[in-house]
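Structural overview for review
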Amino acid sequence: MTDHRPLLRAIFDAAVAAAHPDRILAAHLPPAPRGRIICLAAGKGAAAMAAAAERHYLDTLGVDPARLTGIATTRHGHRVPTRVVEVIEAGHPMPDAEGLRGAEASLALAATATPDDLLLVLLSGGGSANWILPAEGITLAQKQQTTRALLRSGAPIGDVNTVRRHLSRIKGGRLARAGQAAAEIVTLAISDVPRDEPAAIASGPTVPDPTTLADARALVARYQLDLDDAVRAALDDARNESVKAGDAAFARARFAIVATPRQSLDAAIKVAHDAGYEVLDLGADLEGEARDVAAAHAKLAREARAAGKKLAILSGGELTVTVRGNGRGGPNQEYALALAQHLKDLPDVAALAADTDGADGGAGNATDPAGALIDARTFAKIAELRLDPVATLADNDVTTLFEQTDDLLLTGPTLTNVNDIRVILV
């Protein structure tokens, strides 16, 4: 039987490569200003983006290193060597004290900008957790509890970030307000959100926020979040309203997206097509409960097989999991195991589901799995070991099962993040 895993991995790798900072950032960087370049980066690709910016300004343009300063706050394990920009490794998905330090230092550095300086903000997925600067009256522990409640609720990332923006001193346009004395504020972002909404990428620290405190309170009610009284009070405090369009903070601000989930999905599709597959493109912005989406995709796979098609079903986006158990896992692994349940009688179908940042859920470690692969070997191993996928899903413990079947995709940090890639080969 043909081993489809090398092709699945090649498809995933193409998606990641299409969004790597080394490949895509330099063409978008603005000219050097008269004064300093203040580089502030946040997210899983922050250090890699800062290093690419250093190479451009210091090597390509020959800028004096004394005119470049900055801080890159990234996830633990995602550091890369930099020459001038300080790198701070911080928690994700659970924010920590290092994220607080990085956010405070970044906000303070932005406030030193003068009319001769360029404030260059480099954002990638994970920035919301890495830049943690709670609103007045909220402690780090209370913000962590809020984050935990949001992540377990099954809320899509847009709703999660609406609440985050209204509990922060750096998100929701507040970084732009701090640095508005700069000659120009240029934000370059690697998008990890559906529809590439600027306010959702790293919770929009340099762009207007279209959502309100009332929206945040409504989401707390909708998802029945159990929040500390201080957090609820902050959401009732008008001083915590985010910065809106028309504010002076955005008078000299420019925002551009340098890599998108769509571009990465197109790169993945090309590899599948070149391998001789007809392609069914389900889009780059899928959302929904991982198990429900898996059931719908399994139906498409079964229909394709019944029709005798050689088909690759590809999709991007970010799925969610409503956590009810106490196990280890992530939405891509849950999708893969649910898919396996629906396709276990089809030995000639194989699939991969993984996060392009190299970590699907997990505990915030660089060794966390990116996702999982499934094929006939998976189905046989589950049967041989007498594993129970239904109980595993009920306890949200998919990582444990895939460890036993040896089906985890382990990539390490990829230094970018354009959401998830899912591939089914029929």
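Above this text sits the structure in question.
Structural notes, computed from the coordinates. (Residues numbered from 1 in each chain as written. Predicted model: local features only at pLDDT ≥ 70, side-chain atom pairs only at ≥ 80, totals over all residues. Heavy atoms only, no water.)

Within the largest apolar cluster, 46 residues are counted, with the highest numbers of intra-cluster contacts made by Leu-40, Leu-119, Leu-123, Trp-131, Leu-167, Ile-170 and Leu-175. Those residues in contact with Ile-170 that lie beyond four places of it in its chain are Ala-103, Leu-107, Trp-131, Leu-133, Leu-175 and Pro-205. (Core = buried A, V, L, I, M, F, W, Y, C linked by side-chain atoms within 4.5 Å. Buried < 20%, exposed > 50% of the residue type's maximum accessible area, 1.4 Å probe, protein only. Contact = heavy atoms within 4.5 Å.)

What follows covers helix α16 (residues 398-405). Inspection of α16 places Val-398, Thr-399, Leu-401, Phe-402 and Thr-405 among the buried residues, and these make up the whole buried set. Buried residues along α16 cover an arc of 160 degrees about the axis, so they all sit on one side. Elements that come into contact with the buried residues of α16 comprise α13 (331-343), β10 (371-374), α14 (376-384), α15 (389-394) and β11 (408-409). Within two residues after α16, Asp-406 carries a phi angle of roughly 60 degrees, on the positive side. (Helix = DSSP H or I, 4+ residues; strand = E, 2+ residues; numbered from the N terminus. Arc of directions from axis to C-beta.)

Two aromatic rings, taken as a pair, are described by how far apart their centres are and by the angle between their planes. One pass over the structure, following the stated rule, counts zero aromatic pairs. The lysine or arginine in question, Lys-310, covers the ring of Tyr-277, its NZ or CZ lying 4.8 Å from the ring centre. (Phe/Tyr/Trp six-rings, centres within 6.5 Å; stacked < 30°, edge-to-face > 60°. Lys NZ or Arg CZ within 6 Å of the ring centre and 35° of its normal.)

Moving on, we come to helix α6 (residues 140-152). With 13 residues, α6 extends 18 Å between its outermost C-alpha atoms, agreeing within 8% with the 18 Å of an ideal straight helix rising 1.5 Å per residue. Regarding α6, the residues found buried are Leu-140, Gln-142, Lys-143, Thr-146, Thr-147, Ala-149 and Leu-150. Those residues of α6 hidden inside the fold are in contact with α4 (97-110), α7 (157-165) and α10 (229-235). Of the residues trailing α6, Gly-154 is marked for its positive phi of about 85 degrees. (Expected span 1.5 Å × (residues − 1).)

Attention shifts here to the pairing of strand β12 (residues 420-425). Most of β12 sits out of view: six of its six residues are buried. Here β12 shows a buried face lined by Asp-420, Arg-422 and Ile-424 and a second buried face lined by Ile-421, Val-423 and Leu-425. With four bridges joining them, strand β8 (residues 311-315) and β12 adopt antiparallel strand pairing. Paired with Ser-315 across the strands is Arg-422, a residue of β12. Relative to β12, strand β9 (residues 350-355) runs antiparallel, the two sharing six bridges. Paired with Ala-353 across the bridge in β12 is Arg-422. (Pairing = 2+ DSSP bridges.)

Across the sheet, which stays open at both edges, the six strands sit in the order β7-β8-β12-β9-β10-β11 with mixed pairing between neighbours. Bordering the open sheet on either side are β7 (278-281) and β11, each of which pairs with just one other strand. As paired strands, β9 and β10 are joined by four bridges and run antiparallel to one another. Along β10, the bridge assignment pairs Ala-353 with Ala-372.

Interhelical geometry of α13 versus α16 gives an angle of 65 degrees and a closest axis separation of 9 Å. Seen from above, α13 lies across α16 with left-handed handedness. Along its contact with α13, which presents Gln-333, Glu-334, Ala-336 and Leu-337, the element α16 presents Val-398, Thr-399, Leu-401 and Phe-402. Taken together, the residues of the contact of α13 with α16 break down into five nonpolar, two polar and one charged. (Axes fitted to C-alpha atoms, helices over the stretch in contact; angles between N-to-C directions. Left-handed = near helix turned anticlockwise from the far one by under 90°. Nonpolar A, V, L, I, M, F, W, Y, C, P; charged D, E, K, R; others polar.)

Pairs can form between side chains of opposite charge whenever their charged atoms are close. What the rule picks out here adds up to 32 salt bridges. Through salt bridges with shared partners, a single network forms among Arg-5, Asp-375, Arg-377 and Asp-407. (Salt bridge = Lys/Arg side-chain N within 4 Å of Asp/Glu carboxyl O.)

Turning our eyes to something else, we now look at the packing of α14 against α16. For any two helices packed against each other, one specifies the inter-axial angle together with the distance between the axes. Running from N to C, α14 and α16 cross one another at 100 degrees; their axes reach a closest spacing of 9 Å. Taken as axis vectors, α14 and α16 run roughly perpendicular relative to one another. Contacts between α14 and α16 involve Thr-378, Lys-381 and Ile-382 from the former and Leu-401, Phe-402, Gln-404 and Thr-405 from the latter. A breakdown of the residues in the contact of α14 with α16 according to their chemical character gives three nonpolar, three polar and one charged. (Parallel < 35°, antiparallel > 145°, perpendicular 65-115°, else oblique.)

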